[in-house]
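Residues per chain are reported as follows:
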Amino acid sequence: AQSVTQPDIHITVSEGASLELRCNYSYGATPYLFWYVQSPGQGLQLLLKYFSGDTLVQGIKGFEAEFKRSQSSFNLRKPSVHWSDAAEYFCASRYNQGGKLIFGQGTELSVKP
Amino acid sequence: SAVISQKPSRDICQRGTSLTIQCQVDSQVTMMFWYRQQPGQSLTLIATANQGSEATYESGFVIDKFPISRPNLTFSTLTVSNMSPEDSSIYLCSVEDGPGTEAFFGQGTRLTVV
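Residues numbered from 1 in each chain as written. Chains lettered and ligands numbered in written order. Predicted model: local features only at pLDDT ≥ 70, side-chain atom pairs only at ≥ 80, totals over all residues. Heavy atoms only, no water.

Visitor: Mind laying out the pattern of salt bridges, listing which residues take part and the relevant values?
Guide: For the coordinates displayed, the defined rule picks out eight salt bridges over all chains. The partner of Glu58(B) in a salt bridge is Lys100(A), with the nearest N and O atoms 2.8 Å apart. Taken together, the positions of Glu58(B) in the loop between strand E6 (56-57) and strand E7 (68-72) and Lys100(A) in the loop between strand E10 (87-94) and strand E11 (102-103) put the pair across two chains. Taken together, the shared-partner salt bridges connect Glu64(A), Glu66(A) and Arg77(A) into one network. (Salt bridge = Lys/Arg side-chain N within 4 Å of Asp/Glu carboxyl O. Helix = DSSP H or I, 4+ residues; strand = E, 2+ residues; numbered from the N terminus.)

Here's what the structure looks like:
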C-alpha cells in the first residue's frame with residue numbers, strides 16, 4: 001500500500017540555521033508529491049509540489065525540495081530558518097492523477113533564538 | 001487558489017449530540033473532501049463529497065456516523081453524529097480543482113467532546 005514516512009517527529013533548529021525535513025514515499029513509480037505547513041490553529045498551506053520535470057522545486061517562504069527517485073525521497077530544505085517557520089510540516093503524495101492524497105505523520109519544527 | 005471558509009472554527013460539545021460543520025468555497029470546484037486530524041496525528045481522509053450523489057467513504061468511516069451533504073459545487077457539510085470523546089479532533093475541508101492538482105484546505109474545525 002502507498003505510504004509516506006517522515007522519520008523525524010520533532011526537530012529543533014536555531015534561527016538562521018539551515019533546515020532539512022525528511023520524507024520518504026513507498027510507491028515505486030513517480031508519485032505526485034507535496035509539502036504542506038500547518039501553523040498552530042490553522043489549516044494546511046501548500047509550500048510546494050512536484051509532478052514531473054526538474055527534480056529541484058522551489059516553493060513559497062524560501063523553501064525548496066528535491067525529488068530523488070533512487071532514494072524514494074522528497075526532502076524539504078530551507079537555507080536559513082526564521083522564527084515564524086515554527087510549525088508542523090506534512091509531506092504528502094498521491095500515486096496517480098486521481099489517487100487519494102496520503103499524508104506522512106508530520107514533523108514539528110521548533111525554532112530557538 | 002481557492003479560498004475555503006469553515007464554520008464553526010471550534011466547538012465544545014456534549015457526548016451523544018451531533019455537530020454539523022460547514023465548508024464554503026469561493027469558486028466552483030470539482031472535488032471536495034473531509035479529513036480528520038486526531039490530536040498529535042496526521043490527516044486521515046474521511047470521505048469524498050460528491051455533488052449530486054452520496055459521498056464516498058474511506059475504510060473505517062460510515063455514513064451513519066459522518067453524514068455528508070454536497071448540494072452544489074461550492075458548499076458541503078459534514079455532521080459528526082452521536083459524538084463521543086474519541087471524536088475530539090480537528091476536521092478539515094479540502095478542495096481540488098481536478099484530479100492530480102494540489103489540495104487546498106480550510107482552517108479546520110477543532111472539536112472537543114466532553
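Visitor: Pulling in residues and values, what's your account of the interface of chain A and chain B?
Guide: Contacts between chain A and chain B engage 20 residues on the former and 18 residues on the latter. A buried area of about 1,500 Å², summed over both sides, lies between chain A and chain B, and 51% of it is on carbon and sulfur atoms. When the buried surface of chain A facing chain B is broken down by residue, Leu44(A), Lys100(A) and Phe103(A) rank first, second and third, together holding 27% of it. At the junction of chain A and chain B, the tally comes to three salt bridges. Residue composition of the side of chain A that touches chain B, grouped by class: nine nonpolar, eight polar and three charged. (Contact = heavy atoms within 4.5 Å. Buried area = accessible area lost by both parts, 1.4 Å probe. Nonpolar A, V, L, I, M, F, W, Y, C, P; charged D, E, K, R; others polar.)

Visitor: Outline the pairing of strand E1 (residues 4-7) of chain B, supporting the account with residue identities and numerical values.
Guide: Residue and element names in this part refer to chain B. Side chains of E1 alternate between two faces, with Ile 4 and Gln 6 buried and Ser 5 and Lys 7 left unburied. Sheet analysis places E1 next to strand E3 (residues 19-25), joined by four bridges and oriented antiparallel. Bridge assignment links Ser 5 to a residue of E3, and that residue is Gln 24. (Buried < 20%, exposed > 50% of the residue type's maximum accessible area, 1.4 Å probe, protein only. Pairing = 2+ DSSP bridges.)

Visitor: So what's going on with the environment of Arg15(B)? Residues and values would help.
Guide: Residue and element names in this part refer to chain B. Within the element layout of this structure, Arg 15 appears in the loop between strand E2 (10-13) and E3. Each C-alpha atom of the pair Arg 15 and Gly 98 lies 37 Å from the other, and the pair is 83 residues apart in sequence. When near neighbours in sequence (up to four residues on either side) are disregarded, Arg 15 contacts Met 83, Ser 84, Pro 85, Val 113 and Val 114.

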